[in-house]
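# A closer look at the structure
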Amino acid sequence: MSEKLIHVSLRQAQDYRFHIQFDAQMPVLVSDEPAPLGTGQGPSPVQMLCAAVGNCLSDSLLFALRKFKQSPEPIQCDVEAEVGRNAEGRMRVLNMRAQLRLGVPAGQLEHLDRVLDQFEAYCTVTQSVGQGIPIAVEVWDATQQRLK
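To start, this report covers the structure provided alongside it. Remember, predicted model here, so these are calculated numbers, not experimental data.

In terms of nonpolar packing, the biggest core is built from 24 residues, with Leu57, Leu61 and Phe119 touching the most fellow members. Looking at this core, the elements that each hand over two or more residues are α1 (45-67), β5 (91-101), α2 (112-118) and β6 (135-140). In terms of residue count, α1 provides more of this core than any other element does, seven residues in total. The contacts of Leu57, once residues within four sequence positions are left out, are Ala98, Leu100, Phe119, Glu120, Cys123, Thr126 and Val137.

Written out as structure tokens, the structure reads:
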């Protein structure tokens, strides 16, 4: 059952460059394919996919920690997408890897094990994209200790 309808409008500016309007209150985002197709004057669709996955994971982790009144800030997330050809020879995102970094040592956060076990399940974008693209998620703390 649908709870919400999201609308985004894209208008071609030139060649592979598009102006993306999210709503009247937000500035227009310019997207573009890198050369040789486009001119790279904005993020590519794959870069925006990476941003959406990373942003949603970061939001989900922050929300889960704040439920326990924890302050992990600043959170950082780096996302890589491996792009290559599928069995039919078509370019696809083959897999993704997200590395989240907490801004504090793990020892300063209560209920961290519980949060790490659950936060991904509440990430709308990652769970949706992950149905078609494998996404590996890692979480590190401020001391470079891998937590997940």
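So that's the structure; there's more coming.
Let's shift gears to the pattern of salt bridges. When the charged atoms of two side chains lie near each other, side chains of opposite charge can form a pair. Enumeration according to the criterion identifies five salt bridges in this entry. Residue Glu120 pairs with Lys148 through a salt bridge whose shortest N-O separation is 3.0 Å. Residue Glu120 is located in the loop between α2 and α3 (124-129), and its partner Lys148 is located in the segment after β6; the two are separated by 28 residues in the primary sequence. We classify Lys148 as partly exposed; its relative accessible area is 30%. A salt bridge links Arg146 to Glu138, with the shortest nitrogen-to-oxygen separation between them at 3.9 Å. By sharing partners, the salt bridges in this structure join Glu80, Arg97, Glu138 and Arg146 into a single network.

Backbone-to-backbone hydrogen bonds pair the strands of a sheet. The strands run either parallel or antiparallel. Read from one edge of the open sheet, three strands run β1-β2-β3, paired in antiparallel fashion. If you trace the sheet from one side to the other, it starts and ends with β1 (9-14) and β3 (29-31), each paired once. Averaged over all pairs of adjacent strands, the angle between strand axes in this sheet comes to 30°, irrespective of strand direction. Pairing of strand β2 (residues 17-21) with β3, which is carried by three bridges, proceeds in the antiparallel orientation. Pairing of Ile20 across the sheet is with Leu29, part of β3.

Moving on: the environment of His19. Note on placement: His19 falls in strand β2. Placed ten residues apart in sequence, His19 and Leu29 show a C-alpha to C-alpha distance of 5.8 Å. Contacts of His19, omitting those with residues within four sequence positions, involve Ser9, Leu10, Arg11, Ala13, Val28, Leu29 and Val30.

When the terminal C-alpha atoms of α1 are compared, their 33 Å separation across 23 residues agrees well with the 33 Å that a helix rising 1.5 Å per residue should span. Taken as a whole, α1 has its buried residues at Cys50, Val53, Gly54, Cys56, Leu57, Ser58, Ser60, Leu61, Ala64 and Leu65. Along its buried surface, α1 packs onto β4 (76-85), β5, α2, α3 and β6.

By the secondary structure assignment, Thr126 is in helix α3. We classify Thr126 as buried; its relative accessible area is 4%. Here Thr126 is in contact with Val53, Leu57 and Ile135, once residues within four sequence places are set aside.

Turning next to the side chain of Arg17. Following the sequence through the fold, Arg17 ends up in strand β2. Within the buried set, Arg17 has no salt-bridge partner at all; the shortest N-O distance to an opposite charge, 4.3 Å, is to Asp32. Among the polar contacts listed, one links the side chain of Arg17 to the side chain of Gln41, at a separation of 3.1 Å. Residue contacts for Arg17: discarding those within four places in its chain leaves Arg11, Gln12, Val30, Ser31, Asp32, Thr39 and Gln41.

Analysis parameters
- Residues numbered from 1 in each chain as written.
- Predicted model: local features only at pLDDT ≥ 70, side-chain atom pairs only at ≥ 80, totals over all residues.
- Heavy atoms only, no water.
- Core = buried A, V, L, I, M, F, W, Y, C linked by side-chain atoms within 4.5 Å.
- Buried < 20%, exposed > 50% of the residue type's maximum accessible area, 1.4 Å probe, protein only.
- Helix = DSSP H or I, 4+ residues; strand = E, 2+ residues; numbered from the N terminus.
- Contact = heavy atoms within 4.5 Å.
- Salt bridge = Lys/Arg side-chain N within 4 Å of Asp/Glu carboxyl O.
- Pairing = 2+ DSSP bridges.
- Axes fitted to C-alpha atoms, helices over the stretch in contact; angles between N-to-C directions.
- Expected span 1.5 Å × (residues − 1).
- Lys, Arg positive; Asp, Glu negative; His and termini not counted.
- Polar contact = N/O pair within 3.5 Å; in protein donor to acceptor, adjacent residues only side chain to side chain.

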